[in-house]
Amino acid sequence: MRKKEKNFYFSMFEEVAGFCYEEALLLQKCLTDYDHDKLAENTATMHKLENAADASKHKLMKKLAHEFITPIEREDIIGLSQYIDEITDSIEDVLLRMYMFDIKVMRPDAPQFCAVIVKSCEALKQLMAEFHNFKKSGELIKLVIDINSYENEGDKLYIDAMRELYTSGADPIEVLTWNEIYKVMEECVDKCEHAANMAEEIMMKNS
């Protein structure tokens, strides 16, 4: 197999992970400098990023459908691309829920939670940039461990945010809406961990 063809899939993994990071940064900007009047505009911008990520995934799948020899197993290419794609979907879902529920005031712990999503996506982007070199790289395991630690941090933030939500005497509608938002934010971090763990499994199988 020619080197250029072999690296195509790894390049696509990196490209889609890059969209995850871009989305996470946009979400962080929206939550940190929250402006209800810009919610529709920001949601539309986020959707464009998610569509671009989908286009990259479709490009990968189209090539895979016509490829006989691949650098790693076809099932692993499909699985890892799906995990990364789910991250882009989940990050968009956070902003979509804010738009659907017409959130007017940002809760103070949401930007802190989003910072963990950003760290997770940044580490995943770095992992995917290094993934083509998985047989020699000494950085991959460290990045997987970092993402696992961010998932633990996200779990704690989720528990604390939910407890604060339910014990603060908030309006029942606010409790209902933010319950949904926090759940999706936790999923963003969980799915970063799923992608990292699968990358580690692929590395172990092929090393």
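Further up the page is the structure itself.
Fair warning: this is a prediction, and the values are worked out from it, not measured in the lab.

Undergrad: Teacher, can you tell me more about helix α3 (residues 74-100) here?
TA: Each full turn of the α-helix corresponds to 3.6 residues, which orients residues three or four apart in the same direction. The terminal C-alpha atoms of α3, which comprises 27 residues, lie 38 Å apart, in line with the 39 Å expected from a rise of 1.5 Å per residue. Looking one or two residues past α3, D102 carries a phi angle of roughly 55 degrees, positive in sign.

Undergrad: What is the right way to read the packing of aromatic side chains from this model?
TA: The relation between two aromatic rings is expressed through the spacing of the ring centres and the mutual angle of the planes. According to the stated counting rule, one finds 7 aromatic pairs in the structure shown. Aromatic side chains F10 and F131 sit 5.6 Å apart centroid to centroid with 75 degrees between the ring planes, which places their arrangement in the edge-to-face category. Of this pair, F10 sits in helix α1 (residues 3-32) while F131 sits in the loop between α4 (109-130) and α5 (140-167), and the two are 121 residues apart along the sequence. Using a relative accessible area of 4% as the deciding quantity, one classes F10 as buried. A ring pair is formed by F131 and F134, whose centres lie 5.6 Å apart and whose planes are at 35 degrees; its orientation type is tilted. F131 sits in the buried class, given a relative accessible area of 1%. Ring pairing ties together the aromatic residues F10, F13, F131 and F134, which thus form one cluster. Here the basic side chain of K63 rests over the ring of F8, its NZ or CZ set 5.3 Å away from the ring centre.

Reading guide: rules and limits
- Residues numbered from 1 in each chain as written.
- Predicted model: local features only at pLDDT ≥ 70, side-chain atom pairs only at ≥ 80, totals over all residues.
- Heavy atoms only, no water.
- Helix = DSSP H or I, 4+ residues; strand = E, 2+ residues; numbered from the N terminus.
- Expected span 1.5 Å × (residues − 1).
- Phe/Tyr/Trp six-rings, centres within 6.5 Å; stacked < 30°, edge-to-face > 60°.
- Buried < 20%, exposed > 50% of the residue type's maximum accessible area, 1.4 Å probe, protein only.
- Lys NZ or Arg CZ within 6 Å of the ring centre and 35° of its normal.

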